Amino acid sequence: MAEQKFAENEVVELVTKIVTSIGTTRGDLIPILQKVTNELGYISQEAIQQISVLLKLPTKEITSVATFYRMLSTKPHGRHIVQFCESAPCHIAGGREVLSALKEALQLEPGETSADNKWTFYTTSCLGICGVGPVILIDTEIHGNVTPDQIPSILGRYE
Amino acid sequence: MKTVRSMVLVSSDPESQKRGSTEIYAAFEQLLSQYGLSEEVQLTYATDIGNSTAVPLVMIYPEAVIYGPLLVSEVPHIVEEHLYKGRIVDEKLAPRYALSGRIAWLQARKGTLPAENRVVLKNVGLIDPESIDDYIAQDGYQALGLALTQTPEEVIKTISDSGLQGRGGAGFPTGLKWSFVRKAAGAKKYVICNADESEPGTFKDRVLLEGDPHRTIESMLIAAYAVGADEGYIYIRGEYQLALQRLEAAIKQAEEYGFLGKNIFGSGLNFHLHVHAGAGAYVCGEETALIESLEGKRGEPRSRPPYPTNEGLWGKPTLINNVETLANIPPIIIHGAEWYRKMGTPSSPGTKVYTILGNVNDKGLIEVPMGITLREIITIYAKGMKDGNFKMAQTGGSGGSIIPSSLQDTPMDFESFKKAGVALGSGALLICNENVCIVDLAKVLINFFRVESCGKCTPCRIGTKRALDILTNISNGQGKMEDLDELENLSHDLIALSNCGLGQTAGTPLKEMLNYFRAEVEAHIKLGICPSGTCQMYN
């Protein structure tokens, strides 16, 4: 995830570039929002404004779509996003214990970002890698067959 | 090529080698020449035989007989009896329970064991998913060529005759769906592949797309020809990055080879295929929500009718099929409906891909004929329970059913399960032992639906929240007997009043919890005990 802050004119420029590369129809909205999330780290108000101008859509429409999907975000994140799968297969495989160990290690509840802006913690629905549950996804890296005592060493690998 | 009468295959995986397969091979070689059989009998090593505890194995074709575990000292007897006199040595046959995977299927052809049969997953793991040439070498795009020599009606008839049913969970007859789209009025039609696989515990479509992306493209082309569509989308869940990359690469290759684009194979068929990555919403696996999402909106299911077959993407007739359903199309076109009907059960022909998870020894992906039982899956493929005894299985992700042990021997096909009042779902099998608490499991399942509910209709939005609150109370030891009535009502309302499948299936775990495990729930309430020791009781 990008962590640097963007100035307003940079946001406008980046969003314009993204929209030009994808298109301006209604069907292009979600791919645009995905790319904005990937490149800016989240979909800021300025970004929504600019998309609204380019796609000729009301900002409330864009916000409504942007807040619907789990992988789109309208809020800034910490440097690393930790996602824990809370679906049944991981739960049965010892996920409950891993979740409490994870909460303890991060000192965060799901949905929170740490004060030093290092971690944002979410619980998520099934990630489709149930064969190796319990599963933790940190940014784009998958950690499978996790046990509670592995948590500190897994987290320790991230700066 | 010289013709041989028999073929002898000696397993040569590391375990077999350790147990002397090299010596066995040498013994065969020496004895065959001694009996003057070297010309008629071909001797080879077999590498990929699947797992077996009975190695070293020796397979002899054409009888497809499997011997094992075999000792060097026993080779002369086998050669003399089987290869020289033509009599099968019964006492050295490998025990059925010791065989799995492809080798088990080999034996099953003799009508003994319901074994793995890879139709859908045939190429997965065997071909380079990034090479179109590899796919073509495995008869890839042949089904398309064959379909193009037939009329669209003939193609649809073959699919209808095959009895193929949708593998996404609902089991709708595929041929019928195709004919609806074919008959729908309008010049512009779409074909969509639903690859938004998000049912907890299900990852069969991911494996298919990662391992054999061209299969999906070919199937969509056949579908497009049959229903008269010229544009298609693969809606793949956003988390499946590898599958997404492989699909994009595969589409590019297919375009270069002229399999996608204009006037394909000179038949006049035009087809353009796009990939759309989901943005993280379980509900988008529901077909009308998926369409909304493709149109750039919130993934909220539409009211039906009109059905997508008449009014789908951008209001045009649209065919939506699951990845696994589509993967069945090319083999059906090539081998015919009758061949397909030989697998599975009369009411549900074909195979089904399952993901096996939970408290079992061997987790993973299998493809078996429809109609296999849960007990067979657990004992044969999952190699038994890891610890404890079987208590229940949850089928088909959260959208499936909770299967109690009393239904362990029910054939797993759409009709038998429907009769038993449960659902086959999308193919995940979460096997639970008695350490799993039903209240705790129901809580996790309901919480999933609460999180993933799109919030459009009230029964689902409020019902899942309310059910979770009640279950949480019960698991904390603060439940009341009246709660059970309320759960029953909630389950009924969710099933009867929700707008789409998400809310409707959210009611199922509640219903089944009360149907099959009521005593365990009551123990939480009346006695303040969690029989499996999972829930923390506070009173």
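When its secondary structure is counted, chain B shows 22 helices and 14 strands. Over its C-alpha atoms chain B spans a radius of gyration of 26 Å, differing by no more than 12% from the 24 Å that the globule rule assigns to 539 residues. For chain B, the spread of C-alpha atoms along the principal axes amounts to about 80 × 65 × 35 Å. Burial status across chain B gives 54% buried among its 539 residues. Once local pairs closer than 6 in sequence are excluded, the contacts in chain B between residues at least 24 apart make up 71%.

Time to look at the overall build of chain A. When its secondary structure is counted, chain A shows six helices and four strands. The burial tally for chain A puts 36% of its 159 residues in the buried class. Looking at chain A alone, contacts between residues at least 24 apart form 64% of all its contacts between residues at least 6 apart.

Take the interface of chain B and chain A next. Between chain B and chain A, the residue contacts involve 37 residues of the former and 25 residues of the latter. Where the side of chain B that touches chain A is concerned, the elements lending two or more residues are helix 12 (287–294), strand 10 (351–358), strand 14 (428–433) and helix 18 (438–452) of chain B. With six residues, the single largest contributor to the side of chain B that touches chain A is helix 18 of chain B. Of the residues contributing to the side of chain B that touches chain A, the split by class is 17 nonpolar, 12 polar and eight charged.

Let us look at unusual backbone geometry. The omega torsion of the bond from valine 55 of chain B to proline 56 of chain B falls at -5°, within 30 degrees of zero and hence cis. Inspection of the secondary structure puts proline 56 of chain B in the loop between strand 2 (41–46) and strand 3 (58–61). Cis geometry marks the peptide bond from glycine 68 of chain B to proline 69 of chain B; its omega dihedral reads -15°. The topology assignment puts proline 69 of chain B in the loop between strand 4 (65–67) and helix 3 (75–84). Phi is positive for glutamine 107 of chain A, close to 60°, though the residue is something other than glycine. Position of glutamine 107 of chain A relative to the elements: it lies in the loop between helix 5 (88–106) and strand 2 (119–124). Of note in this structure, tyrosine 141 of chain B is not a glycine but carries a positive phi near 65°.

Attention now goes to the sheet that holds strand 2 of chain A. Residues and elements named next belong to chain A. Pairing in this open sheet of four strands is mixed, and the strands run 2-1-3-4 from one edge to the other. The sheet is open, and its two borders are formed by strand 2 and strand 4 (141–143), each paired with just one other strand. With strand direction ignored, the average angle separating the axes of adjacent strands in the sheet is 20°. Relative to strand 2, strand 1 (residues 80–85) runs parallel, the two sharing six bridges. Its bridge partner being in strand 2, glutamine 83 is matched across the sheet by tyrosine 122. Contacting strand 1, strand 2 and strand 3 (136–138), helix 5 runs over the sheet at an angle of about 145° to strand 1.

On to the domain arrangement of chain A, then. Interfaces are often sized by the amount of accessible area the parts lose when they come together. As far as domains go, chain A holds domain 1 (8–66) and domain 2 (80–156). Computed from C-alpha coordinates alone, the two centres of domain 1 of chain A and domain 2 of chain A are separated by 30 Å.

This brings us to the domain arrangement of chain B. Residues and elements named next belong to chain B. By domain assignment, chain B separates into domain 1 (6–108), domain 2 (132–335), domain 3 (345–433) and domain 4 (439–527). Computed from C-alpha coordinates alone, the two centres of domain 3 and domain 4 are separated by 23 Å. Contacts between the two partners involve seven residues from domain 3 and, on the opposite side, 11 residues from domain 4.

It is worth spelling out the packing of helix 20 (residues 481–497) of chain B against helix 21 (residues 501–516) of chain B at this point. Residue and element names in this part refer to chain B. Here helix 20 crosses helix 21 at 145°, and the two axes come no closer than 7 Å. Between helix 20 and helix 21 lies a crossing of left-handed hand. Across the interface between the two elements, Leu484, Leu487, Glu488, Leu490, Ser491, His492, Leu494 and Ile495 of helix 20 pack against Gly503, Gln504, Ala506, Gly507, Leu510, Lys511 and Leu514 of helix 21.

The next thing to look at is the sheet that holds strand 9 (residues 318–322) of chain B. All names here are of chain B. Spatially, five strands are ordered 7-8-6-5-9 in an open sheet, and the strand pairing comes out mixed. Unpaired on one side and paired on the other, strand 7 (261–264) and strand 9 mark the two borders of the sheet. The mean angle between the axes of side-by-side strands here comes to 25°, regardless of whether they run parallel or antiparallel. Note that strand 6 (residues 231–236) and strand 8 (residues 269–277) share six bridges and pair parallel. In the strand pairing of strand 8, glutamate 231 is matched with histidine 272.

Two quantities define a packed helix pair, namely the angle between the axes and the distance from one axis to the other. Residue and element names in this part refer to chain A. Orientation of helix 1 (residues 8–22) relative to helix 2 (residues 29–40), taken along the N-to-C sense of each, is 140°, at an axis distance of 10 Å. Compared by their axis directions, helix 1 and helix 2 come out oblique. Where helix 1 crosses over helix 2, the two elements pack in a sense that is right-handed. Contacts between helix 1 and helix 2 involve Val11, Leu14, Val15, Ile18, Val19 and Ile22 from the former and Pro31, Ile32, Lys35, Val36, Glu39 and Leu40 from the latter. Class assignment for the residues of the contact of helix 1 with helix 2 results in 10 nonpolar, no polar and two charged.

Structural remark: α-helix, 3.6 residues per turn; residues separated by three or four positions point the same way. Residue and element names in this part refer to chain B. Look at helix 2 (residues 21–34): 20 Å from first C-alpha to last across 14 residues, which is about the 20 Å you get at 1.5 Å a residue. Along helix 2, the residues classified as buried are Ser21, Ile24, Tyr25, Ala27, Phe28 and Leu32. Buried residues of helix 2, seen end-on, are gathered within an arc of 160° and therefore sit on one face of the element. When the buried face of helix 2 is taken as reference, the exposed residues oriented beyond 90 degrees from it are Ser33 and Gln34.

A general trend in soluble globular proteins is that nonpolar side chains are found buried together. Residue and element names in this part refer to chain B. Residues Leu221, Ile222, Ala223, Ile356, Ile377 and Ile431 are the most contacted members of the largest nonpolar core, which totals 175 residues. If sequence neighbours within four positions are ignored, isoleucine 377 has contacts with Tyr354, Ile356, Ile372, Ala382 and Leu429. Judged by nonpolar contacts, the second largest core, of 22 residues, contains Phe28, Ala54, Met59 and Val75.

Further remarks concern the environment of leucine 137 of chain A. Residues and elements named next belong to chain A. Tracing the backbone shows leucine 137 in strand 3. Here the alpha-carbon distance between leucine 137 and leucine 127, two residues 10 residues apart in the chain, equals 8.7 Å. Dropping the residues within four chain positions of it, leucine 137 is found in contact with Gln83, Leu127 and Ile142.

What counts and how
- Residues numbered from 1 in each chain as written.
- Chains lettered and ligands numbered in written order.
- Predicted model: local features only at pLDDT ≥ 70, side-chain atom pairs only at ≥ 80, totals over all residues.
- Helix = DSSP H or I, 4+ residues; strand = E, 2+ residues; numbered from the N terminus.
- Rg over C-alpha atoms; globule rule 2.2 N^0.38 Å.
- Buried ≥ 20, exposed ≤ 12 C-beta atoms within 10 Å, placed from the backbone.
- Contact = placed C-beta atoms within 7 Å.
- Nonpolar A, V, L, I, M, F, W, Y, C, P; charged D, E, K, R; others polar.
- Pairing = 2+ DSSP bridges.
- Axes fitted to C-alpha atoms, helices over the stretch in contact; angles between N-to-C directions.
- Domains from an automatic or database assignment.
- Left-handed = near helix turned anticlockwise from the far one by under 90°.
- Parallel < 35°, antiparallel > 145°, perpendicular 65-115°, else oblique.
- Expected span 1.5 Å × (residues − 1).
- Arc of directions from axis to C-beta.
- Core = buried A, V, L, I, M, F, W, Y, C linked by C-beta atoms within 7 Å.

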